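Below are the chains, spelled out letter by letter.
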Amino acid sequence: MSAACRALHDHLRAALRDIDAGWSIGSFGAIGEFHQRADDLRLVDDPEGLTRVSEKGGIRLDGAALAEVRALAYETLSPRAHRWGLGLALCLPEAQAAMSGRSVLTELGPDEGALRAEDRGALLFDMGLDQLQVDFCIRTRDPELIAILRAGAGSSVMAPGNGAMAAILEAHPHRVVISRLGRVEVYQKIGGPATGGVSPDGPHTHVLPKLLKSGRSHSANIPVPEGFVPCAYLHPASPVAGPQGQDITYDAGRQAAFEELLAAYGPAGYLAVRGAVLAACAAGDDPSSFTEPATRTGRIGLRNTLRQIARAAESASDAPRLAWARRWQAVFDQSGQHAEEMDADNPGHEGEPS
(Lines give C-alpha, C1' and ligand atoms only; values in the text may rest on other atoms or scores of the structure.)
Protein backbone atom coordinates (compact mmCIF):
# COMPACT_ATOMS: atom_id res chain seq x y z
CA MET A 1 0.00 0.00 0.00
CA SER A 2 1.42 3.40 -1.00
CA ALA A 3 1.97 6.12 1.56
CA ALA A 4 -0.92 8.15 0.12
CA CYS A 5 -3.25 5.16 0.19
CA ARG A 6 -2.19 4.33 3.75
CA ALA A 7 -2.84 7.91 4.85
CA LEU A 8 -6.34 7.84 3.36
CA HIS A 9 -7.02 4.46 4.93
CA ASP A 10 -5.94 5.83 8.33
CA HIS A 11 -8.26 8.83 7.98
CA LEU A 12 -11.19 6.54 7.15
CA ARG A 13 -10.34 4.10 9.92
CA ALA A 14 -10.25 6.90 12.49
CA ALA A 15 -13.55 8.30 11.21
CA LEU A 16 -15.22 4.90 11.48
CA ARG A 17 -14.46 4.94 15.20
CA ASP A 18 -16.19 8.33 15.53
CA ILE A 19 -19.88 7.74 16.18
CA ASP A 20 -20.60 11.36 15.26
CA ALA A 21 -19.36 10.86 11.70
CA GLY A 22 -21.71 9.61 8.99
CA TRP A 23 -21.24 7.68 5.76
CA SER A 24 -23.13 7.22 2.54
CA ILE A 25 -23.03 5.41 -0.77
CA GLY A 26 -25.35 6.56 -3.50
CA SER A 27 -26.13 8.82 -6.41
CA PHE A 28 -28.14 12.00 -6.87
CA GLY A 29 -31.50 10.62 -5.79
CA ALA A 30 -30.74 7.10 -4.52
CA ILE A 31 -28.62 6.83 -1.42
CA GLY A 32 -27.93 4.62 1.58
CA GLU A 33 -26.68 6.30 4.75
CA PHE A 34 -24.93 4.76 7.74
CA HIS A 35 -25.02 6.71 11.00
CA GLN A 36 -24.03 5.51 14.44
CA ARG A 37 -25.48 6.24 17.85
CA ALA A 38 -23.97 5.72 21.30
CA ASP A 39 -26.48 3.02 22.27
CA ASP A 40 -26.08 0.94 19.09
CA LEU A 41 -25.27 -2.74 19.51
CA ARG A 42 -22.14 -3.30 17.41
CA LEU A 43 -22.24 -6.63 15.64
CA VAL A 44 -19.08 -6.16 13.57
CA ASP A 45 -16.40 -3.72 14.72
CA ASP A 46 -13.43 -3.80 12.34
CA PRO A 47 -12.13 -0.27 11.66
CA GLU A 48 -8.89 -1.65 10.18
CA GLY A 49 -11.02 -3.56 7.68
CA LEU A 50 -13.16 -0.42 7.19
CA THR A 51 -16.25 -2.29 8.38
CA ARG A 52 -18.77 -1.55 11.09
CA VAL A 53 -22.19 -3.13 11.52
CA SER A 54 -24.89 -2.46 14.09
CA GLU A 55 -28.35 -3.95 14.55
CA LYS A 56 -29.65 -1.04 12.42
CA GLY A 57 -27.29 -1.23 9.44
CA GLY A 58 -23.67 -1.26 8.40
CA ILE A 59 -20.93 -0.23 6.03
CA ARG A 60 -17.96 -1.93 4.44
CA LEU A 61 -15.43 -0.10 2.28
CA ASP A 62 -13.01 -1.93 0.01
CA GLY A 63 -9.55 -1.02 1.29
CA ALA A 64 -7.85 -2.48 -1.78
CA ALA A 65 -9.83 -0.15 -4.05
CA LEU A 66 -8.49 2.94 -2.27
CA ALA A 67 -5.38 2.80 -4.45
CA GLU A 68 -7.52 4.10 -7.34
CA VAL A 69 -9.42 6.67 -5.31
CA ARG A 70 -9.16 10.42 -5.66
CA ALA A 71 -10.31 11.86 -2.34
CA LEU A 72 -12.02 15.24 -2.33
CA ALA A 73 -12.58 17.19 0.89
CA TYR A 74 -15.21 19.89 0.33
CA GLU A 75 -17.33 22.46 2.11
CA THR A 76 -20.75 23.62 0.94
CA LEU A 77 -22.50 26.91 1.55
CA SER A 78 -25.57 26.67 3.77
CA PRO A 79 -28.55 29.02 3.40
CA ARG A 80 -28.17 29.51 7.16
CA ALA A 81 -25.59 32.25 7.54
CA HIS A 82 -23.98 30.70 10.64
CA ARG A 83 -23.43 27.28 9.07
CA TRP A 84 -21.59 25.39 6.36
CA GLY A 85 -21.57 21.79 5.16
CA LEU A 86 -18.58 19.48 4.90
CA GLY A 87 -17.67 16.11 3.50
CA LEU A 88 -15.07 13.82 1.97
CA ALA A 89 -16.01 12.28 -1.39
CA LEU A 90 -14.17 9.14 -2.48
CA CYS A 91 -14.09 9.33 -6.26
CA LEU A 92 -13.14 6.96 -9.08
CA PRO A 93 -12.65 7.63 -12.78
CA GLU A 94 -16.03 7.37 -14.49
CA ALA A 95 -15.21 4.15 -16.36
CA GLN A 96 -14.04 2.44 -13.17
CA ALA A 97 -16.99 3.74 -11.18
CA ALA A 98 -19.66 2.28 -13.48
CA MET A 99 -21.91 -0.40 -12.01
CA SER A 100 -24.53 -2.52 -13.79
CA GLY A 101 -26.80 0.32 -14.92
CA ARG A 102 -29.88 -1.93 -14.76
CA SER A 103 -33.10 -0.09 -15.58
CA VAL A 104 -35.55 -2.85 -14.59
CA LEU A 105 -36.19 -4.83 -11.44
CA THR A 106 -33.80 -7.80 -11.54
CA GLU A 107 -33.32 -10.82 -9.30
CA LEU A 108 -29.61 -11.32 -8.49
CA GLY A 109 -29.72 -14.43 -6.32
CA PRO A 110 -28.43 -14.96 -2.76
CA ASP A 111 -26.46 -12.04 -1.36
CA GLU A 112 -23.16 -13.75 -0.65
CA GLY A 113 -21.51 -10.41 0.11
CA ALA A 114 -23.87 -9.54 2.98
CA LEU A 115 -22.24 -7.89 5.98
CA ARG A 116 -23.84 -10.34 8.41
CA ALA A 117 -23.53 -14.11 8.00
CA GLU A 118 -27.24 -14.65 8.68
CA ASP A 119 -28.18 -12.52 5.66
CA ARG A 120 -26.07 -14.40 3.12
CA GLY A 121 -28.85 -16.73 2.03
CA ALA A 122 -31.41 -13.99 1.48
CA LEU A 123 -32.30 -12.97 -2.07
CA LEU A 124 -31.00 -9.74 -3.54
CA PHE A 125 -33.01 -7.76 -6.08
CA ASP A 126 -31.62 -4.77 -7.99
CA MET A 127 -34.41 -2.16 -8.08
CA GLY A 128 -33.25 -1.10 -11.54
CA LEU A 129 -32.84 2.63 -10.87
CA ASP A 130 -30.29 2.98 -13.71
CA GLN A 131 -27.70 4.91 -11.72
CA LEU A 132 -24.13 5.17 -12.94
CA GLN A 133 -22.12 4.41 -9.81
CA VAL A 134 -24.54 2.43 -7.60
CA ASP A 135 -26.74 -0.63 -7.70
CA PHE A 136 -29.62 0.10 -5.33
CA CYS A 137 -30.95 -3.23 -4.10
CA ILE A 138 -33.35 -4.75 -1.62
CA ARG A 139 -32.80 -8.07 0.18
CA THR A 140 -35.43 -10.39 1.59
CA ARG A 141 -36.40 -13.92 2.66
CA ASP A 142 -40.13 -13.09 2.71
CA PRO A 143 -41.85 -15.56 0.30
CA GLU A 144 -44.78 -13.23 -0.37
CA LEU A 145 -42.53 -10.30 -1.21
CA ILE A 146 -40.28 -12.50 -3.33
CA ALA A 147 -43.29 -13.65 -5.37
CA ILE A 148 -44.38 -10.05 -5.99
CA LEU A 149 -40.86 -8.99 -6.93
CA ARG A 150 -40.49 -11.89 -9.34
CA ALA A 151 -43.82 -10.99 -10.91
CA GLY A 152 -42.61 -7.42 -11.44
CA ALA A 153 -39.11 -8.35 -12.61
CA GLY A 154 -38.14 -7.17 -16.07
CA SER A 155 -39.99 -3.86 -15.80
CA SER A 156 -39.38 -0.59 -13.99
CA VAL A 157 -40.45 -0.41 -10.36
CA MET A 158 -41.90 2.99 -11.28
CA ALA A 159 -44.03 1.58 -14.12
CA PRO A 160 -47.82 1.77 -13.73
CA GLY A 161 -49.19 -1.61 -12.71
CA ASN A 162 -45.93 -2.85 -11.19
CA GLY A 163 -46.83 -3.69 -7.61
CA ALA A 164 -43.22 -4.11 -6.54
CA MET A 165 -42.68 -0.62 -5.14
CA ALA A 166 -45.86 -0.68 -3.04
CA ALA A 167 -44.90 -4.13 -1.72
CA ILE A 168 -41.39 -2.93 -0.84
CA LEU A 169 -42.74 0.08 1.04
CA GLU A 170 -45.10 -2.16 2.98
CA ALA A 171 -42.63 -4.97 3.78
CA HIS A 172 -39.57 -2.85 4.72
CA PRO A 173 -36.90 -5.27 3.41
CA HIS A 174 -33.21 -4.62 3.91
CA ARG A 175 -31.79 -2.05 1.50
CA VAL A 176 -28.33 -2.70 0.10
CA VAL A 177 -26.54 0.05 -1.80
CA ILE A 178 -23.41 -1.11 -3.61
CA SER A 179 -20.64 0.76 -5.41
CA ARG A 180 -17.12 -0.14 -6.57
CA LEU A 181 -15.87 1.06 -3.18
CA GLY A 182 -18.14 -0.95 -0.91
CA ARG A 183 -21.68 -1.21 0.38
CA VAL A 184 -24.11 0.28 2.87
CA GLU A 185 -26.85 -1.91 4.31
CA VAL A 186 -29.93 -0.62 6.13
CA TYR A 187 -32.08 -2.86 8.30
CA GLN A 188 -34.43 -0.23 9.73
CA LYS A 189 -37.88 0.55 8.37
CA ILE A 190 -38.32 2.66 5.26
CA GLY A 191 -39.18 6.25 6.14
CA GLY A 192 -42.84 7.02 5.60
CA PRO A 193 -46.16 6.36 7.35
CA ALA A 194 -44.63 3.56 9.44
CA THR A 195 -42.04 5.97 10.85
CA GLY A 196 -44.20 9.05 11.29
CA GLY A 197 -43.23 10.51 7.93
CA VAL A 198 -39.57 10.98 8.83
CA SER A 199 -36.43 8.97 8.24
CA PRO A 200 -35.48 6.67 11.13
CA ASP A 201 -32.66 7.89 13.35
CA GLY A 202 -29.45 6.15 12.30
CA PRO A 203 -29.03 4.18 9.05
CA HIS A 204 -31.65 4.94 6.40
CA THR A 205 -32.17 5.24 2.66
CA HIS A 206 -33.70 7.67 0.19
CA VAL A 207 -35.08 7.10 -3.27
CA LEU A 208 -36.16 10.42 -4.78
CA PRO A 209 -37.71 10.07 -8.25
CA LYS A 210 -37.51 13.81 -9.01
CA LEU A 211 -33.75 13.80 -8.49
CA LEU A 212 -33.25 10.50 -10.30
CA LYS A 213 -34.75 12.05 -13.44
CA SER A 214 -31.91 14.57 -13.56
CA GLY A 215 -29.48 11.81 -14.57
CA ARG A 216 -26.75 13.37 -12.44
CA SER A 217 -24.32 11.25 -10.44
CA HIS A 218 -23.89 13.79 -7.64
CA SER A 219 -24.93 17.20 -6.36
CA ALA A 220 -23.60 20.19 -8.30
CA ASN A 221 -22.56 21.66 -4.94
CA ILE A 222 -19.69 19.15 -4.72
CA PRO A 223 -16.71 20.20 -6.87
CA VAL A 224 -15.91 16.74 -8.20
CA PRO A 225 -13.03 16.80 -10.74
CA GLU A 226 -13.96 16.34 -14.37
CA GLY A 227 -14.08 12.66 -15.34
CA PHE A 228 -14.51 11.40 -11.77
CA VAL A 229 -17.57 10.12 -9.92
CA PRO A 230 -18.13 9.93 -6.13
CA CYS A 231 -18.58 6.29 -5.08
CA ALA A 232 -18.69 6.75 -1.29
CA TYR A 233 -18.78 9.63 1.15
CA LEU A 234 -17.55 10.34 4.64
CA HIS A 235 -19.57 13.00 6.45
CA PRO A 236 -17.33 14.12 9.33
CA ALA A 237 -18.90 15.39 12.52
CA SER A 238 -20.04 18.96 11.94
CA PRO A 239 -18.67 21.70 14.18
CA VAL A 240 -21.99 23.58 13.94
CA ALA A 241 -24.78 20.98 13.61
CA GLY A 242 -25.91 17.91 15.53
CA PRO A 243 -27.06 14.52 14.22
CA GLN A 244 -30.64 15.71 13.74
CA GLY A 245 -29.54 18.89 11.99
CA GLN A 246 -29.95 21.00 15.10
CA ASP A 247 -27.70 23.94 15.97
CA ILE A 248 -24.95 23.10 18.46
CA THR A 249 -22.31 25.10 20.29
CA TYR A 250 -19.37 25.64 17.97
CA ASP A 251 -16.94 22.73 18.28
CA ALA A 252 -13.39 23.90 17.56
CA GLY A 253 -12.02 20.36 17.78
CA ARG A 254 -14.30 19.12 15.02
CA GLN A 255 -13.40 22.10 12.87
CA ALA A 256 -9.67 21.49 13.36
CA ALA A 257 -10.08 17.81 12.50
CA PHE A 258 -11.83 18.63 9.23
CA GLU A 259 -9.27 21.26 8.36
CA GLU A 260 -6.67 18.47 8.35
CA LEU A 261 -8.71 16.66 5.70
CA LEU A 262 -9.26 19.90 3.80
CA ALA A 263 -5.52 20.62 3.75
CA ALA A 264 -4.81 17.12 2.43
CA TYR A 265 -7.66 16.70 -0.06
CA GLY A 266 -9.29 20.10 -0.65
CA PRO A 267 -9.50 21.77 -4.09
CA ALA A 268 -6.51 24.01 -4.74
CA GLY A 269 -8.65 27.02 -5.65
CA TYR A 270 -10.70 26.71 -2.50
CA LEU A 271 -7.62 26.41 -0.33
CA ALA A 272 -6.01 29.43 -2.00
CA VAL A 273 -9.00 31.65 -1.25
CA ARG A 274 -9.26 30.30 2.28
CA GLY A 275 -5.58 31.10 2.89
CA ALA A 276 -5.97 34.62 1.50
CA VAL A 277 -8.95 35.36 3.75
CA LEU A 278 -7.18 34.04 6.84
CA ALA A 279 -4.16 36.19 5.98
CA ALA A 280 -6.38 39.24 5.55
CA CYS A 281 -7.95 38.56 8.92
CA ALA A 282 -4.56 38.26 10.61
CA ALA A 283 -3.52 41.57 9.05
CA GLY A 284 -6.80 43.30 9.87
CA ASP A 285 -7.32 44.27 6.21
CA ASP A 286 -10.35 46.21 5.08
CA PRO A 287 -12.81 44.36 2.79
CA SER A 288 -12.27 47.01 0.13
CA SER A 289 -8.76 45.62 -0.34
CA PHE A 290 -10.11 42.20 -1.38
CA THR A 291 -11.46 41.22 -4.77
CA GLU A 292 -14.30 38.72 -4.74
CA PRO A 293 -13.18 35.48 -6.47
CA ALA A 294 -14.36 34.95 -10.03
CA THR A 295 -15.11 31.23 -9.57
CA ARG A 296 -18.01 29.63 -7.77
CA THR A 297 -15.62 27.48 -5.74
CA GLY A 298 -13.66 30.57 -4.72
CA ARG A 299 -16.76 32.51 -3.68
CA ILE A 300 -17.96 29.60 -1.56
CA GLY A 301 -14.50 29.42 0.02
CA LEU A 302 -14.62 33.13 0.84
CA ARG A 303 -18.03 32.97 2.50
CA ASN A 304 -17.41 29.78 4.42
CA THR A 305 -14.07 31.00 5.73
CA LEU A 306 -15.71 34.20 6.98
CA ARG A 307 -18.42 32.16 8.70
CA GLN A 308 -15.80 29.98 10.34
CA ILE A 309 -13.80 32.98 11.55
CA ALA A 310 -16.98 34.50 12.97
CA ARG A 311 -18.10 31.33 14.75
CA ALA A 312 -14.65 30.72 16.22
CA ALA A 313 -14.33 34.33 17.38
CA GLU A 314 -17.80 34.29 18.89
CA SER A 315 -17.02 31.05 20.74
CA ALA A 316 -13.74 32.49 22.07
CA SER A 317 -15.33 35.85 22.98
CA ASP A 318 -12.81 37.51 20.66
CA ALA A 319 -14.69 40.75 20.01
CA PRO A 320 -12.13 42.39 17.66
CA ARG A 321 -11.89 39.30 15.42
CA LEU A 322 -15.67 38.92 15.40
CA ALA A 323 -16.10 42.57 14.45
CA TRP A 324 -13.62 42.09 11.59
CA ALA A 325 -15.57 39.06 10.32
CA ARG A 326 -18.88 40.92 10.52
CA ARG A 327 -17.51 43.81 8.45
CA TRP A 328 -16.37 41.42 5.75
CA GLN A 329 -19.61 39.45 5.87
CA ALA A 330 -21.57 42.66 5.35
CA VAL A 331 -19.77 43.00 2.01
CA PHE A 332 -19.33 39.39 0.88
CA ASP A 333 -21.89 37.20 2.67
CA GLN A 334 -25.23 38.96 2.79
CA SER A 335 -28.47 36.98 2.84
CA GLY A 336 -29.59 36.26 -0.71
CA GLN A 337 -26.20 36.84 -2.30
CA HIS A 338 -25.34 34.22 -4.90
CA ALA A 339 -28.28 31.95 -4.09
CA GLU A 340 -27.10 29.51 -6.76
CA GLU A 341 -24.10 28.71 -4.56
CA MET A 342 -26.24 27.78 -1.58
CA ASP A 343 -26.72 24.19 -0.48
CA ALA A 344 -29.32 22.84 1.91
CA ASP A 345 -27.87 21.34 5.07
CA ASN A 346 -29.25 17.95 4.02
CA PRO A 347 -29.49 18.35 0.24
CA GLY A 348 -32.10 16.35 -1.62
CA HIS A 349 -33.11 14.17 1.30
CA GLU A 350 -36.01 15.93 2.92
CA GLY A 351 -39.68 15.27 2.32
CA GLU A 352 -39.55 12.05 0.29
CA PRO A 353 -38.02 9.32 2.47
CA SER A 354 -37.84 5.74 1.31
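Quick note: structure is the one above.
What you see is a predicted model, and the numbers here were worked out from it, not measured in a lab.

Procedures and definitions
- Residues numbered from 1 in each chain as written.
- Predicted model: local features only at pLDDT ≥ 70, side-chain atom pairs only at ≥ 80, totals over all residues.
- Heavy atoms only, no water.
- Pairing = 2+ DSSP bridges.
- Helix = DSSP H or I, 4+ residues; strand = E, 2+ residues; numbered from the N terminus.
- Axes fitted to C-alpha atoms, helices over the stretch in contact; angles between N-to-C directions.
- Parallel < 35°, antiparallel > 145°, perpendicular 65-115°, else oblique.
- Left-handed = near helix turned anticlockwise from the far one by under 90°.
- Contact = heavy atoms within 4.5 Å.
- Expected span 1.5 Å × (residues − 1).
- Buried < 20%, exposed > 50% of the residue type's maximum accessible area, 1.4 Å probe, protein only.
- Phe/Tyr/Trp six-rings, centres within 6.5 Å; stacked < 30°, edge-to-face > 60°.
- Lys NZ or Arg CZ within 6 Å of the ring centre and 35° of its normal.
- Core = buried A, V, L, I, M, F, W, Y, C linked by side-chain atoms within 4.5 Å.

### Some details on the sheet that holds strand E13 (residues 204-207)
Moving on, step 1. Spatially, the 6 strands line up as an open sheet ordered E6-E7-E14-E1-E2-E13, and their pairing is antiparallel. Lying at the two open borders of the sheet, with one neighbouring strand each, are strand E6 (70-77) and E13. The average angle at which neighbouring strand axes cross in this sheet is 25 degrees, direction not considered.
Moving on, step 2. Taken together, the 8 bridges between E6 and strand E7 (residues 84-93) define a ladder with antiparallel strand orientation.

### Focus: the packing of helix H8 (residues 296-315) against helix H9 (residues 319-332)
Moving on, step 1. For the pair H8 and H9, interaxial distance at closest approach is 8 Å and the crossing angle is 150 degrees. Classified by the angle their axes make, H8 and H9 are roughly antiparallel. Crossing angle aside, the handedness with which H8 passes H9 is left-handed. Taking contact as the criterion, the partners of Leu302, Arg303, Leu306, Arg307, Ile309, Ala310, Ala313 and Glu314 in H8 are, on H9, Arg321, Leu322, Trp324, Ala325, Arg326, Trp328, Gln329 and Phe332.

### Here's the deal with the sheet that holds strand E11 (residues 174-179)
Moving on, step 1. Pairing within the open sheet is antiparallel, and its 8 strands lie in the order E3-E4-E5-E12-E11-E10-E9-E8. The sheet terminates laterally at strand E3 (42-46) and strand E8 (106-110), the two strands that pair on one side only. Going across the sheet, the axis of each strand differs from the next one's by a mean of 15 degrees, ignoring polarity.

### Topic: H8
Moving on, step 1. When the terminal C-alpha atoms of H8 are compared, their 29 Å separation across 20 residues agrees well with the 28 Å that a helix rising 1.5 Å per residue should span.
Moving on, step 2. Buried residues dominate H8, accounting for 15 of its 20 residues.
Moving on, step 3. Following H8 by one or two positions, serine 317 has its phi on the positive side, about 55 degrees.

### Notes on the pairing of strand E1 (residues 22-26)
Moving on, step 1. In terms of residue burial, E1 counts as a mostly covered element, since 5 of its 5 residues are buried.
Moving on, step 2. The side-chain alternation of E1 yields two buried faces, one formed by Gly22, Ser24 and Gly26 and the other by Trp23 and Ile25.
Moving on, step 3. Alignment of E1 against strand E14 (residues 228-235), held across 3 bridges, turns out to be antiparallel. Note on E14: the bridge partner recorded for tryptophan 23 is leucine 234.
Moving on, step 4. Where E1 meets strand E2 (residues 30-35), 5 bridges bridge the pair, whose relative direction is antiparallel. Counted as the bridge partner of tryptophan 23 is phenylalanine 34 from E2.

### Focus: the packing of aromatic side chains
Moving on, step 1. Inspection of the entire model under this criterion finds 4 aromatic pairs.
Moving on, step 2. Between tryptophan 328 and phenylalanine 332, the aromatic rings sit 5.7 Å apart at their centres with planes inclined by 50 degrees, giving tilted as the arrangement. Placement of the pair is tryptophan 328 and phenylalanine 332 together in helix H9, with a separation of 4 residues, close to one helical turn. Each member of the pair tryptophan 328 and phenylalanine 332 is classed as buried.
Moving on, step 3. Among the aromatic side chains, those forming a connected cluster through ring pairs are Phe290, Trp324, Trp328 and Phe332.
Moving on, step 4. Here arginine 70 stacks its cationic end above the ring of phenylalanine 228, 5.3 Å away from the centre of that ring.

### Some details on the nonpolar core
Moving on, step 1. Ranked by size, the top nonpolar core spans 57 residues in total, and within it Leu8, Leu12, Trp23, Leu61, Leu88 and Leu90 carry the most contacts.
Moving on, step 2. Top element by residues in this core is helix H1 (residues 3-16). It accounts for 5 residues.
Moving on, step 3. Dropping the residues within four chain positions of it, leucine 61 is found in contact with Leu12, Trp23, Ile25, Gly49, Leu50, Leu90, Leu181, Gly182 and Ala232.
Moving on, step 4. Grouped together as the second largest cluster of nonpolar side chains are 13 residues, Val273, Val277, Ala280 and Trp328 included.

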